[in-house]
Every structure is written in C-alpha cells, then in structure tokens.
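Okay, here's what each chain looks like letter by letter:
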There are 2 protein chains.
Amino acid sequence: MFEEMAKSPAAWLSGSGDEASVVLSTRVRLARNVAGCRYPTSADSDTKKRVVGYFDSTLTRSELLTGGQYLKASDLNDLDRGFLVERHLISPTFLNGDASKALLIGEQERVSVMVNEEDHLRIQALSAGLDTDGSYDLATKYESEIGKHIEFDYDHDFGFLTACPTNAGTGMRASVLIHLPGLVLTREIDKTISRITRSGLVVRGFYGEGSDVLGNLFQISNQNTLGVAEKEILGHITRVTSEIVEEEAAARQTLVVEAQDMIEDKIWRAYGILRHARVLSSDEVMNLLSAVRLGQGMKVIDFLDVPLINEILLLSQPAHLQKYYDREMDHTRRDFVRAQMVREKLRETRV
Amino acid sequence: MFEEMAKSPAAWLSGSGDEASVVLSTRVRLARNVAGCRYPTSADSDTKKRVVGYFDSTLTRSELLTGGQYLKASDLNDLDRGFLVERHLISPTFLNGDASKALLIGEQERVSVMVNEEDHLRIQALSAGLDTDGSYDLATKYESEIGKHIEFDYDHDFGFLTACPTNAGTGMRASVLIHLPGLVLTREIDKTISRITRSGLVVRGFYGEGSDVLGNLFQISNQNTLGVAEKEILGHITRVTSEIVEEEAAARQTLVVEAQDMIEDKIWRAYGILRHARVLSSDEVMNLLSAVRLGQGMKVIDFLDVPLINEILLLSQPAHLQKYYDREMDHTRRDFVRAQMVREKLRETRV
C-alpha cells in the first residue's frame, strides 16, 4: 500500500505558501469525542468498535468524507504505519497494535482524521508555509461535516472535552514546522526557544512530542487550549512565527557579514556529500539538507528549489524509501539505496 | 621567482613509471664533501664561501651543469624557499638564514644539488614511480661530472666521509614516496611498518625526517650507508617496496570484499568535498586526495588521472598556491583560494 503515494510529494511540503523559505508547513488538529462513549484510553474494545462504527456510517452520509481514502488499522502493516507517520498523517503512537482504529485521509493528504487515537477523533489539516487560518478553516470544514452526524462531547463551561485535560476547551493544537539553521549556527537558538516558551508556546522536534531536533527543524505549537478563543491562539502563533522568521533572517545576515566563507563552505560541502555519497543515514540527510536548504534560502545555491529539497527530505525517511522502491530493505541496504536516490534526484540539477 | 615553474607539474610527479598507482616517486641523494675543507656544520663563513666558489667554477667548466638553474641563498625570499621545499628540491632545513649556500636545479627539476647543506654537496635525483636505478644513475651522472673538478673527501676504509656518520660510506640515501591507504584502512599499516623497520629501512612522513604522515603518504628510505654497496641498498629498497605494493593491493582487495560500500562512500565523499568546498586547508586536501587517489587506483572513480591528482597535491601546498596565483596570501585567504583552485582543476572532469 502507498507505493504510488510515495512517488508524489505531499501537498503540505510543496514549498509554497507564506514564508516558505523558513516555514515548511502549518498544522491544526482538533480533538473531539463522541458524547456518551468512554474515551479510547479507558474504553473497552466494544466501545471503540462502536465509535469506529459511528464514523463509518458518517462517511457514507457525507460527500466530503466519501472523497477521502478510508483505512482500518487491520488493513495496515508496520511499514504502512511507518509511512503514514513519516508523512505526518498519523501520530507515532496511533495504530500501535489496537485493531479498533481507523483513518481517513482527505483532500490531497492535507487532511487526516484519526479514529480512536487518544481521543475518539483527531481531525488534522496541514498547509504549506505559514498558514494557520488556512489549516484551521480546512480542519473545521471536516469537523463541521462530521459534527452533522456525530454529537461531540461538549461542556458549556469548559468547551470540548478530551481524554487529556491539556487538550480540553478548544481541543485545538496548532503548530508550525520551521527551519532555523541561522539561529542554531549563531548560537541564538536557546534564547529564541526561551522566548517562545515564555510566550506560552511549546518547541519540539521534527516528529512532534518527544522527538529530537533533526536538520534544524523545529515544531512550535500552542500549550493552552482552554479559556482562549481559537482565533486568538492562531493569531498568537502567526505573530510569534513571524518574529522568529525575522530573527532567523537577521541571524543569516550576521552569518554573511561575519563568516561568509565558512557558511558557504558548510553549504557546499553538504551539497557535495549529498551529490556524491554512497551511504547515507536518514538523520545525516536531514542535517545535510538543512545546510542545502539554508543555501537555497541565502541564494548561495541557485539551482535547487524548495520542492526538490522537500521531496528528498520526505523520500529519505525509512518507510518512504521502501515504499518508493516498492521493496523491504534492512538498515544497511536502505543507507545504500537512500544515497542512490539522493544522487538521482540531485543529478537533474546543474552542478 | 618560480611563478612559471609553479604552473607546470614537477617531472617526478608525472604519475608515470613503475607501480605508479601506489609509488609516487623515487629519490636518491648522495652526500659528498670537498677534501680539505671543514664541513658546513662546523665551518666558518669563509670556508663555506670557498666551497660555494669551488662549485661556481665547476659549473662554468661543465656543459651538463651549465644547463641547470643556479641560485644563491641571497636570491631567495622565504616564499621561494618554501616553494623549493614543497617541490622536494631542497630539504626543509636548507637555506635557513645562512647566505653561504647555493642550489643547482638540473634536468626538468629531476636533479638538485644543494651546496653547504649538512654536507658540502647533496646531489639528489628524483624519478616518477618506483625507479631506484634511474634515480641513482641520474644522481651519479651529476656526481661524476662534479667529481671531475672537485676532489671529494674519501677514505679507503670508510668510503665517502660525511658530516654525520650515519651518512658515511656510500653517502647515499634512497627513498620512495608511497601511498598506502589500503593498509591504513585495514589497520595493517603498523605491522607493515614494523616489518619495514626490521628489514633495516626507515619510514617517515611526506616531507621526510620528522614530518607527519599526511594523506597516507609514506617515505621509505635506507638506514645504513656504510659497508653496503649502493646496488645492494637500491635492490633492497626495490624488493621491499614491491612487497609493500603487493600488500597494499591485497589490503584494497580486502576492502572491496568486506566493505565495498563503505570504501566507495569514503572515496566519493572526499571527491564531493574537494569538488564543492569553499575553504580547504592543505592538510585536508592531502587527506581527501588520498581517498580520491585510492578511488582512481581501485577504478571507483574513472574520470580522474594520476597526473591531475598529483598536480592538485603540489599546488595545494602554501607556497605553491601563492606562486601559482603570483600573490602573497595569509592563511585564511589561502584556504579560500585553495578551494577555488581545487574546484577549477576538478571542474574539467566529468561528474
């Protein structure tokens, strides 16, 4: 499954949108639960099956939802699951073992609905670049459609109720995936992260909660979901992100003034290794692509575009690589084939 | 001075000759002293001037010697001296401060005669590849010619007398410059060096005595000069070198069998960095070229030839770089210009 999907880039990594040279994508997810059912974390198997059943029957009654790709956990093997995680369509913890789970993928993979994750429904929308409103509007479009057929657990004082109290209220988590090599190289990043954290936002790694920072890619998301209006949260994230984009630009300017040769050397060496290496781990590709992406943004490398960089980033991940070549490969083989893929993708470029 | 010389490769680095893919060059030098004069290490200024005078008048009486380029220490600045050391035409300690020194460079730079180094005369001949006889014949051709006009200090029991007793007898030191990345990568090099040492030979770095091993380049030379015939020494070095060449080939075969991807990756990464870096130190170039040279020898890289690799090796050295571009440059500037030179030289190649 997904071999064809692996061959086309994800829309949220199209490299378009506002601030696209720094902000890769924006994600908004809404947590919703079905009124009158125990939440997945404490529900028995029958309850969870019932929730999937509710969602099944909702799909058939909605033109919007019928258009998507609907999958049951039992349809998917480990590699399929890994692929979906890499594609940011499911959370790493979703689809682990438990069969009473389902997934809807809608509109160019910009939307996914996880059934029986921590909450009954997790509706997520992804956009390229900085676009909190676009992602929010898309997520609420699906939420409204589902809400026509399923009654959500809602409290007039608290708002939407969720399995974990940190999600209650709006049930919304908005996040941006942002590339900050300038702030890392100028060692300003810790100050920036402190400021983001003080403003009530959270900073995480590429794969979200608990993941490491790879390739200088950071996820910034809201902490609070309760007692704040959605638009307020989205506006706050957009403002803070715009500030960080400016700080990143200033850091890159500092690098040009103070260490141009050093930084151009770093960028070109990364390109040279990607262009010629025979063995590459996915972490190394992430880090080398970070330098190349910086080079693209600083116009040091003028023959590479963001969509290609994003495509390589996506395909370098283990499950993507296997889906792309349509065969299972062990770690050693992957590192070899990954380097081959990267060379082929870059060979089409000039230098 | 030497700007033009810097633009053409040294004949001893032509990449031709026996075992040229492993043995870069062979050097033979003869130490001779003028009978009746104190040796330079203990001679006063007048004596040393007198020796230079003897040599001056010898030159004018010999067609062979007139053909060379004759230089006095006072003609040369620090950069000129550095250039000659890098070109292996003088020893690093020659031309330090003392004006009563002279240098003859003959036949395509394959011969040099240092006047008032540690001994009155050091006659050296260089050949590409493994060629102890060729170098010896060339050195003795000059030695005989000079011997027609200058009486050498010779003892019927000891042979030629020299400033340091370790050179007495034949006064000959023969050495090969050999590239052993396979033995280094398979960690066999220490065993090989022990065996070389036990056979009575000495192993040194790229610039000879007291220098570090750079780029997996080793100099192997004879220890004994006394009580052994020249031909015996040369034969011994040739035999041992041929054995090492075989060991190196076996090591490369082991690498192919046990770690082909790893070794090809190392080779191509080195090429990628050389091809794209913006800042390169000369030590780094030496090490990267070692991998590229290995790749050429193993036919992993098929579009680079040994003469080009040797040319880059030579031009990467600090004085060569400045002579090549005909301007003095500080360390930082050199690292930048060196990377530019390497890119230009490699740009003419395929990938």
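Residues numbered from 1 in each chain as written. Chains lettered and ligands numbered in written order. Predicted model: local features only at pLDDT ≥ 70, side-chain atom pairs only at ≥ 80, totals over all residues. Heavy atoms only, no water.

Engineer: Explain the packing of helix H5 (residues 132-147) of chain B against helix H8 (residues 230-276) of chain B to me, please; I cannot follow it from the model alone.
Structural biologist: Helix-helix packing: each pair is described by the crossing angle between the helix axes and the interaxial distance. Residues and elements named next belong to chain B. In the contact formed by H5 and H8, the axes pass within 10 Å of each other and the chain directions differ by 150°. The crossing of H5 and H8 is right-handed. In this structure, H5 uses Thr132, Asp133, Tyr136 and Asp137 to contact H8, whose residues at the interface are Glu230, Lys231, Leu234, Ile237 and Thr238. Its residues placed into classes, the contact of H5 with H8 shows 3 nonpolar, 2 polar and 4 charged. (Axes fitted to C-alpha atoms, helices over the stretch in contact; angles between N-to-C directions. Helix = DSSP H or I, 4+ residues; strand = E, 2+ residues; numbered from the N terminus. Left-handed = near helix turned anticlockwise from the far one by under 90°. Contact = heavy atoms within 4.5 Å. Nonpolar A, V, L, I, M, F, W, Y, C, P; charged D, E, K, R; others polar.)

Engineer: For this particular structure, what's the right way to read the packing of aromatic side chains?
Structural biologist: Counted under the stated rule, the structure contains 16 aromatic pairs over all chains. Summarising the aromatic geometry, the rings of A:Phe2 and A:Phe83 are spaced 5.2 Å apart at their centres and angled 15° between planes, so their arrangement reads as stacked. Here the residue A:Phe2 occupies a position in the segment before helix H1 (3-7), and A:Phe83 occupies one in helix H4 (residues 78-86), the gap between them amounting to 81 residues. A:Phe83 carries the same exposure label as A:Phe2, and that label is buried. When the centroid spacing of 5.1 Å and the interplanar angle of 90° are considered together, the rings of A:Tyr324 and A:Tyr325 count as edge-to-face. The cationic tip of B:Lys7 hangs over the ring face of B:Tyr324; the distance from NZ or CZ to the ring centre is 5.6 Å. (Phe/Tyr/Trp six-rings, centres within 6.5 Å; stacked < 30°, edge-to-face > 60°. Buried < 20%, exposed > 50% of the residue type's maximum accessible area, 1.4 Å probe, protein only. Lys NZ or Arg CZ within 6 Å of the ring centre and 35° of its normal.)

Engineer: How should the interface of chain A and chain B be read in this particular structure?
Structural biologist: For interface size, the figure often reported is the accessible area lost on association. In this complex, chain A contributes 16 residues to the contact, which on the side of chain B involves 17 residues. A combined buried area of about 1,600 Å² lies between chain A and chain B, and 60% of that area is made up of carbon and sulfur atoms. Its largest share of buried area at the contact with chain B, chain A owes to A:Arg269, A:His276 and A:Arg278, together 38% of the area lost on that side. Close ionic contact of A:Arg269 with B:Glu284 constitutes a salt bridge, the shortest N to O distance being 2.7 Å. On inspection of chain A and its partner chain B, the count reaches 8 residue pairs in polar contact (both at pLDDT 80 or more). In terms of residue count, the dominant contributor to the side of chain A that touches chain B is helix H8 (residues 230-276) of chain A (9 residues). Broken down by class, the residue content of the side of chain A that touches chain B amounts to 8 nonpolar, 2 polar and 6 charged. (Buried area = accessible area lost by both parts, 1.4 Å probe. Salt bridge = Lys/Arg side-chain N within 4 Å of Asp/Glu carboxyl O. Polar contact = N/O pair within 3.5 Å; in protein donor to acceptor, adjacent residues only side chain to side chain.)

Engineer: For this particular structure, what's the right way to read the relation of the copies chain A and chain B?
Structural biologist: What relates the pair of chain copies is a rotation about an axis plus a shift along that axis. Overlaying chain A on chain B yields an RMSD of 0.0 Å, the required transformation being a rotation through 180° with an accompanying axial translation of 0.0 Å. One copy is carried onto the other by what is essentially a two-fold rotation axis. It is A:Gly272 whose C-alpha, among those of chain A, lies nearest the rotation axis, at 2.1 Å. The fraction of interface residues of chain A whose copies in chain B are also interface residues reaches 100%, indicating that both copies meet through the same surface. (Least-squares fit on C-alpha atoms with pLDDT ≥ 70 in both.)

Engineer: Sorry if this is basic, but what is going on with the nonpolar core here?
Structural biologist: Here is a general trend for soluble globular proteins: nonpolar side chains tend to be buried in one another's company. With 90 residues, the main nonpolar core has A:Leu274, A:Leu280, A:Ile301, B:Leu274 and B:Leu280 as its most contacted residues. Setting aside residues up to four positions removed in sequence, A:Leu274 forms contacts with A:Leu280, A:Val285, A:Leu288, A:Leu289, A:Val292, A:Val342, A:Arg343 and A:Leu346. (Core = buried A, V, L, I, M, F, W, Y, C linked by side-chain atoms within 4.5 Å.)

Engineer: Would you take a moment to explain the sheet that holds strand E1 (residues 23-32) of chain A for this structure?
Structural biologist: Within a beta sheet, neighbouring strands are joined by backbone hydrogen bonds and run either parallel or antiparallel to one another. All names here are of chain A. Pairing in this open sheet of 8 strands is antiparallel, and the strands run E2-E3-E4-E5-E1-E8-E10-E9 from one edge to the other. Of all the strands in the sheet, just strand E2 (69-72) and strand E9 (201-204) have a single pairing partner and so form its edges. On average, each strand axis in the sheet is tilted by 20° relative to the strand beside it, whichever way the strands run. In the sheet, strand E8 (residues 172-179) pairs with strand E10 (residues 217-222) via 5 bridges, with the strands oriented antiparallel. Counterpart to isoleucine 178 in the pairing with E10 is phenylalanine 218. On the sheet, H8 packs against E1, E8, E9 and E10 and is oriented at approximately 10° with respect to E8. (Pairing = 2+ DSSP bridges.)

Worth remembering: the numbers are spatial, not functional.
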